[in-house]
Structures are given as C-alpha cells and as structure tokens.
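Remarks on the overall topology
Given next are the chains, with one letter for each unit.
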Amino acid sequence: MAEKLIVISDMWGVKKGLWITSYLGYLQQYFDIVFYDSQQLGNLDVTVSTEKNIHNAFVEGGIDTAAEHLLNKSLDPCHYLAFSTGGTIAWKAALRGLPMKSLTAVSPTRIRLEKEKPDIPMRLTFGAKDTFMPSAKWAKAIGVKLDIIPNFGHDLYTDEKIISDVCLGLLQKVTSTSIK
C-alpha cells in the first residue's frame, strides 16, 4: 500500500499552480496523494486577488484558520509536502498536534517568526536569494537545518530542477523507512 502524502499549495492555490502538476506527476505512482489549496483551507475570500491582498488575508487569520482545517481533515500520520504559505500552515498544524511522519517545506514564508519547531523529521528548503528565508541564527536557536539552494529566490519550487530534487528526497525518505 502506498504511503499517504498531503500536498499544500502556496498562497496562490490552484490559480497560479501549473508547476504543481510536475510534483504530482513525479510522485503519484509512489504515494496516495491528497492536494489542498491553501486559500480554500484558509477560507480566504479576497475580492481583488493581488499578492498584497492575499498575503494580508493569510496574515490576518487565514494561516490559523487553514491550520485548524488541516487538523480537522487529517487524522492519520502521513507525509506532508508544502510550498511557501502552505509550509507555514503545515508547521503551525504540526505544532497544534497534527500527526506527521515528515514535513518537506519549500520556501515556508513565515516560519522565521516561530519560537518553536514541531518534533518531526523535516526538510526546509530555501533559495539563497529568498527574502523570507530565516536567518542562520534563528535556525540554530530553534534547532533546524536549512537546505539553502544557491542562485534561487522564493519561487524556487516552480523550477524543474528543484522539483526533481524535492521529489527525489521524498522518495528516498519513504523507501528508506519502508526498508527498516
């Protein structure tokens, strides 16, 4: 039986998410995948869908709402793959008790503001040019390792090279745990 993988979009959800099909294409034969649009999880109702308006809606309660909805939807431990705001949603849900086997978060925007980390295996990937990347001081204080990719910015998760690398990392994690 395939491992379950929950995928959580960036703040744009399915509106600007053609890149997500590459992840699904790589992973669908190895995982039982459930996809969540972060805007739907957060009950966002943004009249004018600008980056600023969507960001504000998430900051003003959407992230917390999405984390609560995720908690209510997911009961069994499984793997999580999340992008940007989706990574922050998954992080917060894990802190509130969401059972996770692992978290792979690419460019999770607001974790740099967190004071504690979930007690789960995780891979946190950022582009070296990402202005939302936590500092090395934060990472050390909270006890996490940052996987920093040179020459990329915040949207690195949309690049085919990064997509391949992230998927390979997930596949290696699952195959190594199923062997033990």
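Residues numbered from 1 in each chain as written. Predicted model: local features only at pLDDT ≥ 70, side-chain atom pairs only at ≥ 80, totals over all residues. Heavy atoms only, no water.

A closer look at the sheet that holds strand β3 (residues 78–83)
Worth spelling out the cut-off: Paired strands, in this sense, are two strands between which DSSP finds at least two bridges. Numbered from the N terminus, helices here are DSSP runs of H or I no shorter than four residues, and strands are runs of E no shorter than two. Axis lines are fitted through C-alpha atoms, for helices just across the contact stretch, and the angle between N-to-C directions can take any value from 0 to 180 degrees.
Pairing is parallel in the open sheet, where six strands are placed in the order β2-β1-β3-β4-β5-β6. Edge positions in the sheet fall to β2 (31–36) and β6 (146–149), since each of these pairs with one other strand and no more. Taking the axes of each pair of neighbouring strands and ignoring which way they run, one obtains an average angle of 20° across the sheet. For strand β1 (residues 3–8) and β2, the ladder comprises six bridges, and the chain directions are parallel.

Points about the environment of S9
Selection criterion: Throughout, a contact is declared for two residues whenever any of their heavy atoms are within 4.5 Å.
Tracing the sequence through the fold places S9 in the loop between β1 and α1 (20–27). Here S9 is in contact with F35, Y36, D37, S38, F83 and G86, once residues within four sequence places are set aside.

A word on the packing of aromatic side chains
Applied cut-off: Stacked, tilted and edge-to-face pairs are distinguished by plane angle, under 30 degrees for stacked and over 60 for edge-to-face with tilted covering the rest, among Phe, Tyr and Trp rings (Trp via its six-membered ring) whose centres lie within 6.5 Å. As a reminder, the over-ring test applies to NZ of lysine and CZ of arginine, requiring each to be within 6 Å of the ring centre and within 35 degrees of the ring normal.
As enumerated under the stated definition, the model contains six aromatic pairs in all. Here the aromatic rings of W91 and W138 are separated by 6.1 Å at their centres, their planes lie at 40°, and the arrangement is tilted. Taken together, the residues span a long stretch of sequence, with W91 in helix α4 (residues 85–95) and W138 in helix α5 (residues 136–142) at a distance of 47 residues. Members of the aromatic cluster, each reached through a chain of ring pairs, are W19, Y23, F83 and Y157. Over the aromatic face of W12 sits the side chain of K16, whose NZ or CZ is 3.9 Å from the ring centroid.

Re helix α3 (residues 51–73)
Test applied: Here a helix's expected span is defined as the number of its residues, less one, multiplied by 1.5 Å. Two axes are fitted around each residue, one to the seven residues ending there and one to the seven starting there, and the angle between them is reported as the bend at that residue. Only protein chains enter the accessibility calculation, which uses a 1.4 Å probe. A residue is then buried if its area is under 20% of the maximum for its type, exposed if over 50%, and partly exposed in between.
Given a rise of 1.5 Å per residue, 23 residues ought to cover 33 Å, yet the end C-alpha atoms of α3 are separated by just 27 Å, more than 12% below that figure. Bending of α3 peaks at approximately 65° at the position of G61. For α3, the set of buried residues is I54, F58, G62, I63, A66, A67, L70 and L71. Tucked into the core, α3 has its buried residues touching β1, β2, α2 (38–41), β3 and α4.

A look at the environment of M100
With respect to the helices and strands, the residue M100 is situated in strand β4 (residues 100–106). The sequence separation of M100 and G169 amounts to 69 residues, and the corresponding C-alpha distance is 17 Å. Once residues within four sequence positions are removed from consideration, M100 is found in contact with P77, C78, Y80, A90, A94 and I120.

What to know about unusual backbone geometry
One non-glycine residue, S84, adopts positive backbone phi at about 50°. Here S84 shows up in the loop between β3 and α4. Judged by relative accessible area, which is 4%, S84 ranks as buried. Backbone geometry places S107, a non-glycine residue, at a positive phi of 55°. Among the secondary structure elements, S107 is positioned in the loop between β4 and β5 (122–127). We classify S107 as buried; its relative accessible area is 0%.

Structural notes on the packing of α3 against α4
Quick note on the threshold: Just so you know how the angles are binned, under 35 degrees is roughly parallel, over 145 roughly antiparallel, 65 to 115 roughly perpendicular, and the rest oblique. By convention, the crossing between two helices is left-handed when the near helix turns anticlockwise from the far helix through less than a right angle, and right-handed when the turn is clockwise. Just so you know the grouping, Ala, Val, Leu, Ile, Met, Phe, Trp, Tyr, Cys and Pro go in nonpolar, Asp, Glu, Lys and Arg go in charged, and all remaining residues, Gly too, go in polar.
In the contact formed by α3 and α4, the axes pass within 8 Å of each other and the chain directions differ by 55°. Classed by the angle they form, the pair α3 and α4 counts as oblique. Pair α3 / α4 crosses with right-handed handedness. Contact residues: F58, I63, D64, A66, A67, L70 and L71 in α3; T85, T88, I89, A90, K92 and A93 in α4. The residue makeup of the contact of α3 with α4, split by class, is nine nonpolar, two polar and two charged.

As far as function goes, none of this settles anything; it's purely spatial.
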